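# Descriptive structure summary
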Amino acid sequence: MKIRLTPSLALKVALFATGMCGIVAEYILSTLATYFIGDSVFQWTMVLSMMLFSMGVGSRLSRNFSTHLVEIFIGAELLLAFLSGHAGTITYLFMGYVRHIEWVIYPCSIAVGLLIGMEIPIATRINERYESLRTNIAGMMEKDYYGSLLGGVFFAFIGLPYLGLTYTPFVLGFLNFTVAVLLWLYLGDLIEKRLRWIFYIAVPASFTLLMLGIFLAEPIVFWSEQQRYKEKVVFSKETKYQKITITQWKDQYWLFLNASKQLCTFDEWLYHEPLVHPVMHLTPEVRDVLIMGAGDGCAVREVLKYPHVKNIILVDIDPEMTKIGKEHSVFRKLNQDALHNPKVKVLNQDAFTFLEKSEQLFDVIIADFPDPLSVEVNRLYSKEFYRLCHKQLRPNGAMITQAAGLHFSPLVYRCIEKTMQHVGFYTLPIHNHVYTFGEWTWVIASKSLPTKRMQARLDNVTLQNIPLRWLTPSAMRGLSAFGRDLLEMDSSDIKINTLQNPMLYHYYQEGTWDKYYEDGLGESE
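Quick look at the structure, then. Starting afresh in each chain, residues are numbered from 1 along the sequence in its written order. Local features in this predicted model are restricted to residues whose pLDDT is 70 or higher, and side-chain atom pairs enter the listing and the counts only when it is 80 or higher, whereas totals over whole chains, interfaces and linings include all residues. The basis for every side-chain value is the complete set of non-hydrogen atoms in the structure, without hydrogens or water.

### Considering unusual backbone geometry
Filter applied, for reference: Here a strand is any run of E in DSSP of at least two residues, a helix any run of H or I of at least four, and the numbering for each starts at the N terminus.
A positive phi is found at Lys 250, a non-glycine position, where the angle reads about 55°. Structurally, Lys 250 can be placed in the loop between strand S2 (243-249) and strand S3 (252-257). The backbone phi angle of Asn 465 is positive, close to 65°, even though this residue is not glycine. Topologically, Asn 465 is positioned in the loop between helix H15 (451-459) and helix H16 (473-478).

Next up, the structure:
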C-alpha cells in the first residue's frame with residue numbers, strides 16, 4: 001500500500017522528530033552537566049524537570065498566537081535545529097569563559113523546552129483543518145511520545161557510544177532542519193506571501209550554520225578543553241561512562257576523569273604504594289587478587305611485585321580506560337606493561353555486578369574507585385557492596401579502598417570505615433601525603449585480624465626484596481598515625497552508607513572541596 005504524505009501526516013512526522021530531537025537534546029545537556037559539574041542524579045533531575053516545566057510555559061505562550069501558525073511552527077523547527085545541533089558546541093564554547101557552566105546548560109534546556117511546548121499545541125491547531133478533535137489530539141500526542149522513545153534508544157545505543165557528545169547534536173539538528181524543510185514544502189501554500197522571503201533566507205542560513213558547526217565542532221571542543229586545563233591536552237575522549245582527559249606539562253602527565261584528577265606521573269607511587277603494599281602484608285601467601293577500578297594499571301604493577309601472586313583480575317567498567325592502560329605509550333611505561341602480564345585478566349564490567357555473579361574467592365581485594373561524587377559511584381562504597389566483598393574474600397582475606405581527601409572530607413573516610421565495620425570487617429584507616437593531591441586516605445579491612453593485630457603486623461613489615469620508590473618500614477608505620485583531632489573525632493552520629501540511604505554521597509558533598517579546588521589540588525582549574 002502506497003503511503004501519501006499529506007499535510008496532516010507531515011505535521012505528525014514533524015512532531016515525531018521534535019519528540020525525538022527534544023529528548024535527546026536534554027539527554028546531551030544532562031550528560032554534559034554530569035561530566036563538568038558532577039552529581040548526575042541532581043543534574044539529570046534538574047535538566048529534565050526544567051525542560052518539562054518549560055514545555056508547559058511554551059504551551060501557555062502558544063495561546064497568544066492566533067495567526068501565522070504555520071510560519072511560527074516552521075520557525076520554531078529551525079530554531080530547534082540550531083539549538084539541538086549546537087547544544088554541545090555552545091556548552092564547550094562557554095567552558096573557556098564561564099566557571100559555573102550550569103548557567104549555560106540550564107538556559108539551553110529551558111529554550112528547547114519552550115520551543116517544544118509551543119510546537120505541540122500549534123501543530124494541533126494547524127491540523128484542525130485536516131482531522132477531527134478526537135483523532136487530532138490523540139494522533140499528535142502519540143507521535144511526540146513515540147519520538148521520545150526512539151530518541152532514548154538512539155542516544156543510549158548509537159549517539160553516545162559511537163558519535164559522542166560532539167556529533168550527536170548535529171544529527172538532531174539536521175533532523176529538525178529536514179522536518180522544517182518538509183513542512184515548508186507541504187504547507188507552503190498556507191504561508192502568507194509577504195512572509196515567504198523570510199524562509200528563503202532562514203532555511204539556507206540554518207543549513208549553513210549546521211554545516212559550520214560540524215566543521216568547527218572539534219576545534220571548539222579542543223580549544224575549550226585546553227582553556228579548562230592548565231597543562232597541554234594530549235588526549236581527550238568521551239565514552240558512555242565518562243570523559244577521559246590526559247594532559248602534559250614538560251615530562252609529567254595528568255589523568256582526569258570527568259575533569260577530576262586521578263593521578264599524576266610526578267608522584268603516583270605516593271598513592272599506589274600505600275594502596276597496595278599494606279594490605280598485601282595482612283594475608284599470608286597471597287595468590288588471588290581482585291582489583292576494581294584502577295584501569296591505568298599502576299595498582300596491578302605494584303601487585304606484580306609479589307612473585308607468589310598467581311592470578312590478578314582487574315575489573316574496570318570502561319573499556320577505553322583499560323585500553324589506555326594497555327596501549328597508551330605513557331601508561332604502558334608507567335605501569336611497566338602490567339596489563340600485558342599473563343597473570344592479569346582484564347574484565348570490562350560493573351564491579352558491583354561482577355561481585356554479585358562471581359563464585360571465585362580472593363585473598364586480597366583492592367578497590368580504587370573515583371570519589372563518590374555521584375549516587376552511581378556511591379554504591380561502590382555501600383554496605384551492600386562491602387558485604388559482597390566480605391563474601392568473596394577467603395577467611396584470612398583483607399581488602400582496601402581509597403577514601404578521599406583527609407582534611408577536606410573527614411566524614412567520608414569515617415563513614416566508609418563505619419560501613420565496612422557494619423558488615424563484619426575489622427578496619428584500619430591509613431593516610432599519606434601525595435604532593436599533587438594533598439593528604440589522602442584509605443581504609444584497610446580484614447575478615448580475621450582485629451585492628452591492633454593489623455597495626456602490629458604492619459609495624460613489623462620489612463619490605464625486603466620489594467622494589468619500591470617511597471615506602472619504607474618506618475613510613476609503613478607512619479601510615480596509620482593520625483593527629484588528635486581525627487583520633488578524637490566523634491563518629492557516633494555518622495550513619496552507614498547504603499543503597500537506599502546514600503549517606504556517603506551527602507557527606508562528600510558537604511566537604512570543603514571548594515578550598516581543595518582553589519588550592520589547585522583537585523580539578524583542572
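Here the narrative resumes, following the displayed structure.
### Quick word on the side chain of Asn 136
The criterion, for reference: Whenever a nitrogen or oxygen atom comes within 3.5 Å of another N or O atom, the pair is scored as a polar contact, on the condition that within protein one atom can donate a hydrogen and the other can accept it, and that pairs from neighbouring residues in sequence are kept only if both atoms are in side chains. The contact definition used throughout considers only heavy atoms, calling two residues in contact when any of these lie within 4.5 Å.
Mapped onto the fold, Asn 136 is located in helix H5 (residues 133-186). At 2.8 Å, the side chain of Asn 136 forms a polar contact with the backbone oxygen of Thr 124. Ignoring anything within four residues of it in the chain, the contact list for Asn 136 reads Thr 124, Asn 127, Glu 128 and Glu 131.

### Some remarks on the sheet that holds strand S6 (residues 311-315)
Put simply, the rule is: Strands are treated as partners if at least two bridges between them are detected by DSSP. Orientation is described by lines fitted to C-alpha atoms, with helices fitted over the stretch in contact, and by angles between N-to-C directions that extend from 0 to 180 degrees.
The sheet built from seven strands is open, its strands ordered S7-S6-S5-S8-S9-S11-S10 with mixed pairing. Because the sheet does not close on itself, it has two edges, and the strands there are strand S7 (344-347) and strand S10 (426-434). Put simply, the sheet's adjacent strands are angled 15° from each other on average, direction ignored. Across six bridges, the pairing between strand S9 (residues 393-405) and strand S11 (residues 438-446) is antiparallel. Its bridge partner lying in S11, Ile 400 is registered against Ile 444. Sheet strands in contact with helix H14 (residues 410-422) are S9, S10 and S11, and its direction is about 165° off that of S9.

### Notes on the pattern of salt bridges
Oppositely charged side chains can pair when the atoms bearing their charge come close. Applicable threshold: A pair is scored as a salt bridge if a Lys or Arg side-chain nitrogen falls within 4 Å of a carboxyl oxygen belonging to Asp or Glu. Exposure is judged per residue with a 1.4 Å probe applied to protein chains only, and the accessible area is read against the type maximum: over 50% gives exposed, under 20% gives buried, and values in between give partly exposed.
By the definition in use, this model includes twelve salt bridges. Residue Glu 142 is joined to Lys 143 by a salt bridge in which the shortest nitrogen-to-oxygen separation is 2.9 Å. By relative accessible area, which is 30% here, Glu 142 ends up partly exposed. Asp 337 serves as the salt-bridge partner of Arg 332, at 2.6 Å between the closest nitrogen and oxygen. Residues participating in the shared-partner salt-bridge network are Glu 268, Arg 301, Glu 302 and Lys 305.

### Topic: the nonpolar core
Put simply, the rule reads: Definition of nonpolar core: a set of buried residues of the types Ala, Val, Leu, Ile, Met, Phe, Trp, Tyr and Cys, connected through side-chain atoms within 4.5 Å.
Membership of the largest hydrophobic core comes to 83 residues, with the highest contact counts inside it found for Met 280, Val 289, Ile 291, Met 292, Ile 366, Phe 385 and Met 399. A total of seven residues in this core trace back to one element, the largest contributor, which is helix H7 (residues 269-280). For Met 292, the residues in contact, after removing those within four places along its chain, are Val 315, Ala 351, Leu 355, Ile 365, Ile 366, Ala 367, Asp 368, Phe 369, Phe 385 and Cys 389. By size, the runner-up hydrophobic cluster in this structure holds 66 residues, among which are Ile 23, Met 55, Leu 165 and Ile 191.

### Concerning helix H13 (residues 383-392)
H13 sits mainly inside the fold: seven of its ten residues count as buried. Considered for burial, the residues of H13 that qualify are Lys 383, Glu 384, Phe 385, Tyr 386, Leu 388, Cys 389 and Gln 392. Looking at the buried residues of H13, the elements they touch are strand S5 (288-293), helix H11 (351-357), strand S8 (362-368), S9 and H14.

### So, the sheet that holds strand S1 (residues 232-238)
Hydrogen bonds along the backbone pair up the strands of a sheet, which may run parallel or antiparallel. The antiparallel open sheet is built from four strands, whose spatial order is S1-S2-S3-S4. Edge positions in the sheet fall to S1 and strand S4 (260-264), since each of these pairs with one other strand and no more. Neighbour-to-neighbour, the strand axes of this sheet turn through a mean angle of 20°, independent of strand direction. The sheet contact formed by S1 and S2 spans six bridges and is antiparallel. Paired with Lys 232 across the bridge in S2 is Gln 248.

### Things to note about empty space enclosed by the protein
Let me state the cut-off plainly: Both cavities and pockets are sets of points on a 1 Å grid over the protein atoms alone; in a cavity a 1.4 Å probe fits but cannot get out, in a pocket the set is open with protein on both sides within 12 Å along at least five of seven lines, and lining residues sit with an atom within 4 Å of a point. Grid points are joined across faces, edges and corners, and a volume is the space filled by probe spheres set on the points. Amino acid classes used here: Ala, Val, Leu, Ile, Met, Phe, Trp, Tyr, Cys and Pro are nonpolar; Asp, Glu, Lys and Arg are charged; the rest, including Gly, are polar.
All chains considered together, the criterion is met by one cavity of 30 Å³ or more. Put simply, the largest cavity is a space of about 30 Å³. Every residue lining the largest cavity is listed: Gln 262, Leu 263, Asp 267, Glu 268, Tyr 271, His 272, Val 434 and Phe 437. Counting residues per element, the ones that place at least two in the lining of the largest cavity are S4 and H7. Each residue belonging to the lining of the largest cavity can be placed in one class, and the counts come to four nonpolar, two polar and two charged.

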